[in-house]
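Descriptive structure summary
Residues per chain, in single letters:
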Amino acid sequence: MSRFDPDPDKPYGNCMDCEEVFADRADMSAHLSETYKAGKSHRGRGTNPTRAERIERELDQIAEDVLYDFVSRTEDLVDRDEVTEEEITEAVGRVTADFADAWSER
């Protein structure tokens, strides 16, 4: 079992406002929708997310790390007076597609 695999012995999650326990995301969504319609708006917590959700979270964290590094290194260029903010703003639209291209061309 990898860190991306959910624990098969645990439920998907639980309601933070009542004792409801959810077998899967659909159950949680249904409960939240029902309580919202009833004017009570409960909140759910996925404590044992699906494999796909775990992978999505990991990719999201990788993307956040890359974006932070990108902004930090770009700010360094501006701080060292190598480029202006305007030049960065103009150029950034032409380079961001490279993230998707890099993955598909690997």
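What comes next is a walk through the structure. (Residues numbered from 1 in each chain as written. Predicted model: local features only at pLDDT ≥ 70, side-chain atom pairs only at ≥ 80, totals over all residues. Heavy atoms only, no water.)

Glancing now at the overall build of the protein. Check the secondary structure of the protein and you find four helices and three strands. Each helix and strand of the protein, ordered N terminal to C terminal, gives the series β-β-α-β-α-α-α. Taken over C-alpha atoms, the radius of gyration comes to 21 Å for the protein, far larger than the 13 Å a tight globule of 106 residues would show. Taking the principal axes of the C-alpha coordinates as reference, the protein spans close to 60 × 40 × 20 Å. Within the protein, buried positions represent 13% of all 106 residues. Carbon together with sulfur atoms contributes 51% to the accessible area of the protein, which is approximately 8400 Å² in total. (Helix = DSSP H or I, 4+ residues; strand = E, 2+ residues; numbered from the N terminus. Rg over C-alpha atoms; globule rule 2.2 N^0.38 Å. Buried < 20%, exposed > 50% of the residue type's maximum accessible area, 1.4 Å probe, protein only. Areas by Shrake-Rupley, 256 points an atom, 1.4 Å probe, with all protein chains shown as cover.)

On the basis of which strands lie adjacent, the open sheet formed by three strands has the order β2-β1-β3 and antiparallel pairing. With partners counted over all chains shown, the strands left at the sheet margins are β2 (21-22) and β3 (44-46), one partner each. When strand β1 (residues 13-15) meets β3, the two strands line up antiparallel, connected through three bridges. Residue pairing for β3: Gly 13 is matched across the bridge by Gly 46. The sheet contacts of helix α1 (residues 25-37) involve β1, β2 and β3, and relative to β3 the element is tilted by about 170 degrees. (Pairing = 2+ DSSP bridges. Contact = heavy atoms within 4.5 Å. Axes fitted to C-alpha atoms, helices over the stretch in contact; angles between N-to-C directions.)

With a phi close to 35 degrees, Ser 41 is a non-glycine residue in the positive phi region. Phi is positive for Asp 81, close to 60 degrees, though the residue is something other than glycine. Positionally, Asp 81 belongs in the loop between α2 (51-79) and α3 (85-95). By relative accessible area, Asp 81 is classed as exposed at 69%.

Here Glu 53 is to be found in helix α2. Using a relative accessible area of 14% as the deciding quantity, one classes Glu 53 as buried. Within the local environment of Glu 53, its side chain forms a polar contact with the side chain of Arg 25, the two groups lying 3.3 Å apart. Dropping the residues within four chain positions of it, Glu 53 is found in contact with Tyr 12 and Arg 25. (Polar contact = N/O pair within 3.5 Å; in protein donor to acceptor, adjacent residues only side chain to side chain.)

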